[in-house]
Amino acid sequence: MTAGRLLRALDRPATPWRNGGGVTREVAAGPADSGLDDFVWRVSLADVAAGGPFSAFPGVDRIITVVDGPGMELTVDGTPHTVAEPYRPFAFSGDAATDCRLLGGPLVDFNVMTRRTAATADVRVTREGFSAAPADGTVTLVIALAGTAAVTAGTTLGRFDAVLLSGGESAAFDVDGVTAVVTVTPVRV
């Protein structure tokens, strides 16, 4: 691979949730070295062992995708939403009071969060090959959710490995499984 930053799943530490309901592994965030209070965008994978309330993220838009497990019912500001079909993104506001009920056991989900005043995100799930070339100021994160994805110049992404591309970089991906493509675009004011 000649472009982008390779992010191997094995290099991600697990961070326990405050409520003990699971662990999170951050895939990437911007700006680099930002935390939960100052990120512009953040992408993570979570092992969810138990249901319960979601942490509030005022001013943040969220997109969650079930990767493994029987799914969940999210109650967002009093309205229930079944999020059970694997690889189908569900968007909601981090401002909303959100509670999770597991539909039959633990699961793994893929989370994308953007600070509403600074960035937007698009999550596309694909099982086919594609090329990515983000525009200046935009980033694209490609993550193998199942199977593998072969990347330009011979690198192969295993399960949960990712490549982060910034404006001006490009790569082609040959997908043998399921891959998520997250495009984060700055808000223009």
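In the block above lies the structure referred to throughout.
What you are looking at is a predicted structure, and each value in this text was computed from that prediction instead of being measured.

(A) Highlighting the overall build of the protein chain. Along its length, the protein chain carries 0 helices and 17 strands. Its C-alpha atoms give the protein chain a radius of gyration of 16 Å, near enough to 16 Å, the size a compact globule of 189 residues would have. Taken across its 189 residues, the protein chain has 46% of its residues classed as buried. The long-range share in the protein chain, meaning contacts at least 24 apart out of those at least 6 apart in sequence, stands at 68%.

(B) Here's a closer look at the pattern of salt bridges. Using the criterion set out here, one finds 8 salt bridges in the structure. The partner of R8 in a salt bridge is D161, and the shortest N-O contact between them spans 2.6 Å. Taken as a pair, R8 in the loop between strand 1 (5–7) and strand 2 (15–16) and D161 in the loop between strand 15 (155–157) and strand 16 (162–166) lie far apart in primary sequence, 153 residues in all. Using a relative accessible area of 30% as the deciding quantity, one classes R8 as partly exposed. Note on D161: relative accessible area 8%, which makes it buried. Residue D61 pairs with R116 through a salt bridge whose shortest N-O separation is 3.0 Å. Pair noted here: D61 is in strand 6 (residues 60–68) and R116 is in the loop between strand 11 (107–115) and strand 12 (119–126), with a separation of 55 residues, a long-range link. Judged by relative accessible area, D61 falls into the partly exposed class, the value being 30%.

(C) Region of the structure containing the side chain of D161. From its side chain, D161 meets the backbone nitrogen of A9 in a polar contact 2.8 Å long. In terms of polar contacts, D161 uses its side chain to reach the backbone amide nitrogen of G158, at 2.9 Å. Those residues in contact with D161 that sit more than four places away from it in its chain are L7, R8, A9, R12, V142, I143, A144 and T156.

(D) Main features of the sheet that holds strand 3 (residues 22–30). What the 6 strands build is an open sheet, ordered 2-3-4-11-6-9; its pairing is antiparallel. Since the sheet does not close on itself, it has two edges, and those belong to strand 2 and strand 9 (90–93), each with one partner. When strand 6 meets strand 9, the two strands line up antiparallel, connected through 4 bridges. Pairing of D61 across the sheet is with S93, part of strand 9.

(E) View of the nonpolar core. Judged by nonpolar contacts, the single largest core of 27 residues is most densely connected at V27, V43, F110, L141, I143, L145 and V182. Breaking this core down by element, the ones donating at least two residues are strand 3, strand 4 (41–48), strand 6, strand 11, strand 12, strand 14 (139–151), strand 16 and strand 17 (171–186). Ignoring sequence-local partners within four residues, the contact set of V27 consists of L7, R12, V43, S44, L45, L141, I143 and A162.

The rules behind each value
- Residues numbered from 1 in each chain as written.
- Predicted model: local features only at pLDDT ≥ 70, side-chain atom pairs only at ≥ 80, totals over all residues.
- Heavy atoms only, no water.
- Helix = DSSP H or I, 4+ residues; strand = E, 2+ residues; numbered from the N terminus.
- Rg over C-alpha atoms; globule rule 2.2 N^0.38 Å.
- Buried < 20%, exposed > 50% of the residue type's maximum accessible area, 1.4 Å probe, protein only.
- Contact = heavy atoms within 4.5 Å.
- Salt bridge = Lys/Arg side-chain N within 4 Å of Asp/Glu carboxyl O.
- Polar contact = N/O pair within 3.5 Å; in protein donor to acceptor, adjacent residues only side chain to side chain.
- Pairing = 2+ DSSP bridges.
- Core = buried A, V, L, I, M, F, W, Y, C linked by side-chain atoms within 4.5 Å.

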